[in-house]
Amino acid sequence: MSLSREAIVEGLRRIVGPDAVVTDEKILVESSVDNFRKLQNIFDVHTAPVPAAVVLPADTAQVAAILTWANENGVNVIPRTGATATEGGLESVVPDSVIVDGSMMNQIVSIDPYNMQATCQCGVPLQALEDRVREHGLTTGHSPQSKPVAHMGGLVATRSIGQFSTLYGGIEDMVVGLEAVFPGGEVARIKNVPRRAAGPDIRHVVIGNEGALCFISEVTVKLFPYFPENNTFLGWTLKDMATGFAVLRDVMVNGYKPSVARVYDPGDAGLHFSHFAAADDCVLLFMAEGAAGIAKATADGIQAIVDKHPECTQVPSEYIETWFNDLCWDASKITAEDERIRQTHNVNRTTEISADWSSINDIYQAAKARIIDEIPDITMMGGHSSHSYINGTNMYFNYFFNVVGVGPEEETDKYYLPIIGIICEETLKRGGSIVHHHGMGKARAPWVKDEYGSSYYILETLKRSFDPNGIMNKGTIIPL
Amino acid sequence: MDHLRIVVGFKVTPDYEALRAPDWARAAGGAAESGGGPGAPETRYVRRVLGVFDEAALELALRLRDARAEAGLETSLAAFSVAAREADPFLQTLQALGFERAARVDPRAALDFAPRVTAAVIATYLRRIGSPDVLLLGSRCGPGESGAVPFLVADELGLPCVTEVTDVQIASRGRLRVTFAAGGGWIRATIAPPCVLAVGNAVVSMLRVPTLKDRLAVRERSLDVLSSGELGVDAAAALAGEPTVLASLETIDRERAGTIVAGRTPEEKARALYETQLRARLERL
Amino acid sequence: MSARETLRVAAVLDGTAATAERQARALGAFLREGLRLGADVKLVAATHLFHADQSGRESLLELAPTTDVRLIRTPALRADLMTAALTAFEAGGGAELFVFPGGPLGTELAARLAARTGGSVMTDILDAELSGEGLACRRRVYSNHLVGLFELRSLPWCITLDAGWSDARPSAPNEHVVQTVAELHEDDSSASGPLKSVEVLDQPTTGDLEAAKLLVVAGRGAGSRDGVERVAAAAARLGAAFGATRPVVMNAWAPPDRQIGVSGARSAPAVCLTVGVSGAPAFLWGVERAGFIAAVDTDERAAITGEADAVVIDDGVAVIEALADIVASERP
């Protein structure tokens, strides 16, 4: 028998005290969605079930007590920290969910410049950690666009990636150890070591679990020396994406590790580079960083590779550097973006996938053509590749549409989900992955079995074993 | 008025918000070093944006057209910019949004701090195409933001001008109901065309976006491009007679001191904060 | 170089607007402190006071920042008539420098007067100085990132004042020598004014956070709902508006209408006191226009300490309560 909302609030208050249980209606309503249905918050039209409470644990012990209680009482729990999710992972899809918000657990536990690692609680903003390690001349190497607003717990939970991933890797390459709390209240700590071969790497059960298996309470990440003075920027214009992908492949296959390696299609380039790129130009860009010799060798090597492609026209590096310095979201940009949507009903959405070098251009071309053809009111359809690997790369589809003839709450059904559907279909058809770095959330959960294929057995078993009562973030990764 | 001719003038500027403190410091220092010219920030490498008030003026024009269409009234829309080629992508967007005429007057001279010459070029262009019923402009635009251009144009054309316009609605007999900021408050009044409306902090400030299909439909359409010389205005020569001249640039010191207030207890620190920093400031409130 | 002995200045005051007092303050302060003439140049200034009717004339006269006052009666909102009157004055000998308060009407009069007389127009100036044959003026340019120094060449120089001047202290009262110059009526002009059916709309109800002169903001460092409530109580005793950061609002320690920063209010108080605010960029956006920021926080490395004018490292709630006690005891 499920608990009433009042009983849920009462139960939580007994665990964490009355101050740490939020039941303010407006906050609960806003917390019923994340950026996947951001129009609901922008226009204040809400359709999702309203959570029963937001609870703010002060420490791991309180998290364990909350999860134990929720597990015993069958209460759905949605873990969150910075609340910047984009794929519906924080959306409440069943009535009377409880949002366990780790943002009060915001202490940097230690910075260890000798062993080059830092430990922090889940609610530490990445920007705060980065600022602190910079005092030691170090960097986390992690720089997603959400750096000013996202917190460490959420970044690990969603397998996030940053702008410098080609050099430093994704968050999964940075986390050396962590602490997580499971539904029965078990607290599991994975120790911080350089590597081990003592069985499977269990970090990866936790990293990317999106709150569907456990609550991440603490993480330890690697640190790197910071040499901003050696940053070198390179940029070219070119006429087709196939060449862009080919150059990216050459750079990766030849062993270079630029921190940034990107190719933008003409639509997406138009948003960023119209002051130097023609309307039908693609833009290829790189940043080399690290110790002076490494940065120079990297930049020289890339220059030599691109020089072999006469169809690429080099542009002054200042264009790339100036653009790069203004790339992260800041507060005023987020406000302006919301206001633009409110006034123009023109909405920007993104979907990121990955595939091997043989398939990526086909996926890009096929998805783009279908979306323009099948979806109404598209104002821009484009994208870029921004994270490359030895065997392939990602494609970050970036698209805008006008919301016409439906209310803001129907935007996802009329436009966003059908577009996601096309991108997932075209990707799966060619053997790619439907999610590169935003997480599955609830938005892409419907495709989970196609994404996993026969390996779905492992995922399903993990879910059943760690969350037998199904209380952890229902509908995320695995659909209802 | 059964038919209303609306013309909107707009400006495209570098995105100054993309520049950083060292860029501004270099702009101010550069002039002193070189000993000549007032200096200017390096803006070649940042993207171009519509002036914020110009963007509002463009959207207000579209809304006016839509409201008139609903009332069964015809409207023709034209847009122009006194600019080099950087305005072209914006003009193409306006064509896709239904501006029947999209023109660029290339002054072949830098008019950034020359409101008189700018106004002369605009007025000459408007006389050439036929003075509009309603001229919508942004009330001011970077980098000079003088706010004088709409009035200077209005004076040349012999038109009334309302500035700081926040909203425009259609009224009876072809007139417009205009809301504007004045004297520390807001006023709403009716005005009969022809007139100049300079748009300020409008309720609607962001331009709608054309669909890919809208863009495709006007792909073959060309822009009207003419030089100020073709209008009979030698902008470069006129600049020499501009009565106001930018001589130099200075940076603005925004650094906050971050002075640490000393004391042993919260009470001592509150007292020290009050005595050293707050007393005089609170008295002035 | 001709040695200038005097500078003839016309200060233009629109007495038909509700802002007459602020205009007068700006004009007076600018003539006192903002205009540098050099030792040998004598200022000969007169106020051109536009007024709507006879009844309020005396109290308007009190505001005039100069001894000499020229009274011009005009219907309200008639920039066309005012421009014509000033142009006629200029044609009859006039002034070398016309000073208008900031705002739309000043901009219109300055621009149109300059256009009709072949003079120079410069708006929103910070200060001005005689320089050779010209007038050197400073004003903000490049979206307030830089200040530009401009030379105004052709006479008359028509300038309007930066908004900051209207916050100046009032001038000492003058004895006034009054001259009634003109009565402008609708029928003085061939056409009536362009604006019909004029309605003055209600003043906007700006939120208390946007309008605050003194602002106290509680951050998560206040520690608990009780801590935030104590900060709010101290703010009330200080006569300050009370705001909160997003984390405080999201914890329901303060109501959502108190939020400062992105998706909340943007404030520009003269003095801002932050209590336990770490200084996330989203918050700083909301107070970056404050005249003075004092931050109280236990963490000396919090981002706010680099963004404040004064920093107290201590428990914020205790410090703000002590401060409220001090201010209360100092009040008469």
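Residues take numbers from 1 onward in each chain, read along the sequence in its written order. Labels are handed out in written order, letters beginning with A for the chains and numbers beginning with 1 for the ligands. Note on the predicted model: pLDDT of at least 70 is required for a residue's local features to be given, and 80 or more for side-chain atom pairs to be given and counted; whole-chain, interface and lining totals, by contrast, use all residues.

> Teacher, can you tell me more about the packing of helix 4 (residues 115–129) of chain B against helix 5 (residues 149–157) of chain B here?
Residue and element names in this part refer to chain B. Inter-axis angles, ranging from 0 to 180 degrees, are taken between N-to-C directions of lines fitted to C-alpha atoms, where helices are fitted over the stretch in contact. What counts as a helix is a DSSP run of H or I of at least four residues, what counts as a strand is a run of E of at least two, and both are numbered from the N terminus. Two elements in contact, helix 4 and helix 5, have axes separated by 9 Å at closest approach and are oriented at 45°. As summarised for this structure, helix 4 and helix 5 are arranged oblique, according to the angle between their axes. The element helix 4 and its partner helix 5 pack so that their crossing is right-handed. Here Pro115, Arg116, Thr118, Ala119, Ala120, Ile122, Ala123 and Leu126 of helix 4 lie close against helix 5, whose contacting residues are Val149, Leu152, Val153, Glu156 and Leu157. Just so you know the grouping, Ala, Val, Leu, Ile, Met, Phe, Trp, Tyr, Cys and Pro go in nonpolar, Asp, Glu, Lys and Arg go in charged, and all remaining residues, Gly too, go in polar. For the contact of helix 4 with helix 5, the residue count by class is 10 nonpolar, 1 polar and 2 charged. Should an angle fall under 35 degrees it is taken as roughly parallel, and over 145 as roughly antiparallel, whereas 65 to 115 is taken as roughly perpendicular and any remaining angle as oblique. Each crossing gets its hand from how the near helix is turned against the far one by less than a right angle, where anticlockwise is left-handed and clockwise is right-handed. Contact between residues is assigned whenever the C-beta positions, reconstructed from backbone atoms, fall within 7 Å.

> Is there a simple way to explain the sheet that holds strand 16 (residues 310–313) of chain C in this structure?
Paired through their backbone hydrogen bonds, the strands of a sheet run either parallel or antiparallel. Strand pairing is defined by DSSP finding a minimum of two bridges between the two strands. In space, the 6 strands of this open sheet follow the order 13(B)-16(C)-15(C)-14(C)-12(C)-13(C), with parallel pairing throughout. One side of each edge strand has no neighbouring strand; the edge strands of this open sheet are strand 13 (259–260) of chain B together with strand 13 (241–244) of chain C. Across 4 bridges, the pairing between strand 12 (residues 214–218) of chain C and strand 13 of chain C is parallel. Bridge pairing in strand 13 of chain C links C:Val216 to C:Phe242. Set on the sheet, helix 8 (residues 266–284) of chain B makes contact with strand 14 (271–275), strand 15 (292–297) and strand 16 of chain C; between it and strand 16 of chain C the angle comes to about 160°. Seen against the sheet, helix 6 (residues 225–238) of chain C touches strand 12, strand 13 and strand 14 of chain C and runs at an angle of roughly 175° to strand 12 of chain C.

> What am I meant to see in the confidence of the model for chain C here?
Keep in mind that low pLDDT regions are not for reading the predicted coordinates in detail. Think of pLDDT as the predictor's per-residue confidence, scored from 0 to 100. For chain C, the mean per-residue pLDDT works out to 90, and 95% of the residues sit at or above 70. For this predicted complex, the interface confidence reaches an ipTM of 0.92, while the overall pTM sits at 0.92.

> Looking at this structure, I do not really get the interface of chain B and chain C. What am I missing?
Note on interface size: it is often stated as the accessible area lost on association of the parts. Listed as interface residues are 60 residues of chain B and, on the opposing side, 63 residues of chain C. Contributions of two or more residues to the side of chain B that touches chain C are made by helix 1 (21–34), helix 5, strand 7 (161–170), strand 8 (176–182), strand 9 (185–191), strand 12 (244–251), strand 13 and helix 8 of chain B. For the side of chain B that touches chain C, the element with the highest residue contribution is helix 8 of chain B, accounting for 11 residues. As paired strands, strand 12 of chain B and strand 8 (residues 146–152) of chain C are joined by 7 bridges and run antiparallel to one another. Counted as the bridge partner of B:Leu246 is C:Phe150 from strand 8 of chain C.

> Got a minute to help me understand the sheet that holds strand 16 (residues 346–356) of chain A in this structure?
Residue and element names in this part refer to chain A. The antiparallel open sheet is built from 7 strands, whose spatial order is 15-12-14-13-17-18-16. Since the sheet does not close on itself, it has two edges, and those belong to strand 15 (313–315) and strand 16, each with one partner. With direction set aside, neighbouring strand axes in the sheet form an average angle of 20°. Of the pairings in the sheet, the one linking strand 17 (residues 378–385) to strand 18 (residues 392–402) comprises 6 bridges and is antiparallel in character. Bridge pairing in strand 18 places methionine 380 opposite phenylalanine 400.

> Which parts of the structure should I look at to understand the pairing of strand 15 of chain C?
Each regular strand shows side chains that alternate between the opposite faces of the sheet. All names here are of chain C. Exposed residues have 12 or fewer other C-beta atoms within 10 Å of their own C-beta, buried residues have 20 or more, and residues in between are partly exposed; the C-beta atoms are placed from the backbone. Most of strand 15 is tucked away, with 5 of its 6 residues classed as buried. In the sheet, strand 14 pairs with strand 15 via 5 bridges, with the strands oriented parallel. Following the sheet pairing, leucine 273 is matched in strand 15 by alanine 294. Of the pairings in the sheet, the one linking strand 15 to strand 16 comprises 4 bridges and is parallel in character. Across the sheet, the residue bridging to alanine 295 is valine 311, located in strand 16.

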